[in-house]
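Coordinate analysis (summary)
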Amino acid sequence: MQQAGRIVSVRTAIRSIVTDQPPLYTQVRATLAYYSKTSLVGPSSRYRIYQFLPFLDAAGVSCRVYPLFGPAYFRILEIRFVPIRFVAKLGYVATRFLKRVWDLLTMPAADVVTIEGQLFPYVPAVVERLIVRAFSKVVVEFDDAIYLTPFHRTKISILLRSVSASVVGNEILARYARQYSSRVTVIPTVVDTQRFAPSEAESETGKALTVVWVGLAYNLECLNMVAPVLRELAEQGVIRLRVICSHRPMLDGLDIEFRPWSLEGEVEDLRDCQIGIMPLPDTEWARGKCGLKLLQYMACGMATVASPVGVNVEIVRDGETGFLASSPDAWREKLIRLCLDRELRVRFGLAGRRRVEEAYSLDLWGPRLADHYLELPNSSIVAGFTGEAAPRQVHGK
């Protein structure tokens, strides 16, 4: 039985958070204060904490989320005139830093405090160290290789040494964390398979197939890796490219169907597509990614083609749930095969959907995350660990 009927949908739960409605649990077994990077409009925070709130509630984990940045931050990033964007961003960040200080000073007692990434980006870990002294159970969570970015390598290692546990999004990030943290738990990025689901209507019309890419604006450059083959297939009338993003991409010679990303439309904009793509360069940063767009495609019943980088090779079983392509020629071959073979697309779509349901679904991992936070208050590990790391992982197949 799925978490007592799943209690409520994630969408309903998120609505209750936004409107500050009472929590859904009936008996509090543990309290969690979660300092997220953003409000639910940010993909990392939305998929790492907000979508899990119904499961925490159902298990008796009373969680309050304190976001650092809200929707205004993303609107500021859209300002094209650099001086205005810089001033607006500086003022907004200063205001939000003050709000976070207030949140910390007025925070009620909590059994566990979780920090997504860091409390104050690009600021030394002074406040985090104070939090570690004030609370015995402090967790740091991250879902990308933030430790590779300027000014963060030293800070993240300090945080991992100081806290009592860490939660990361994949095994590559876990290998880094285990150098410093006494308790490392891998909770993969997952999707709500009740929201991200195949369309009941026939999505193929006999015309050009829709190949889709969804993601953040700073990852648009990944499309350059496959632009020549996409352009070739589009010129032949075989495909059309849909991009779902906050910015319209500019790819020479390629007519793009651009859909501005929105929380309300993120599922519907995917459901009538036939092929989802995730090209990635083979870099240390890219290897730290958690494969969210692949999971979204597969949950919607799409055939997929992805670069064999990082968790992509775990999510996609090459030739069974999708294709992996490591060169321009391989991308061309795999995309052409999918375009010409409807039966193959359908088979990959069904197998990919099943793969997500069995290994990367919210219904599977929601109770596991709740159990993790119920165990922590009673564990013997306390913040401030400085010895040799003892790895721990939540397993799921």
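**Examining the overall build of the chain**
If you tally the helices and strands in the chain, you get 16 helices and twelve strands. At a minimum sequence separation of 6, the contacts of the chain that also span at least 24 residues come to 72%. Carbon and sulfur atoms make up 55% of the accessible area of the chain, which amounts to about 18000 Å² in all.

**A few points about the pairing of strand β4 (residues 138-142)**
Of all five residues in β4, five are buried, a share of seventy percent or more. Side chains V138, V140 and F142 project from β4 onto one buried face, and the interleaved V139 and E141 project onto a second face that is buried too. For strand β3 (residues 112-116) and β4, the ladder comprises four bridges, and the chain directions are parallel. Opposite I115, over in β4, you have V140 as the bridge partner. Handedness of the crossover is the feature at issue here: the chain leaves β3, passes through helix α6 (residues 126-134), returns alongside β4, and the resulting connection is right-handed. Two elements, β4 and strand β5 (residues 165-168), share four bridges in a ladder whose sense is parallel. Residue pairing for β5: E141 is matched across the bridge by V167. What joins β4 to β5 is helix α7 (residues 153-162), and the crossover it makes is right-handed.

**Points about the side chain of Q118**
Considering the arrangement of structural elements, one finds Q118 in the loop between β3 and α6. Within the structure, the side chain of Q118 is placed 2.9 Å from the side chain of K155, a separation counted as a polar contact. When sequence neighbours within four positions are dropped, the list of residues in contact with Q118 reads R100, E128, I146, H152, K155 and L159.

Quick notes on the rules
Residues numbered from 1 in each chain as written. Predicted model: local features only at pLDDT ≥ 70, side-chain atom pairs only at ≥ 80, totals over all residues. Heavy atoms only, no water. Helix = DSSP H or I, 4+ residues; strand = E, 2+ residues; numbered from the N terminus. Contact = heavy atoms within 4.5 Å. Areas by Shrake-Rupley, 256 points an atom, 1.4 Å probe, with all protein chains shown as cover. Buried < 20%, exposed > 50% of the residue type's maximum accessible area, 1.4 Å probe, protein only. Pairing = 2+ DSSP bridges. Right-handed = clockwise from strand over helix to strand, strands pointing away. Polar contact = N/O pair within 3.5 Å; in protein donor to acceptor, adjacent residues only side chain to side chain.

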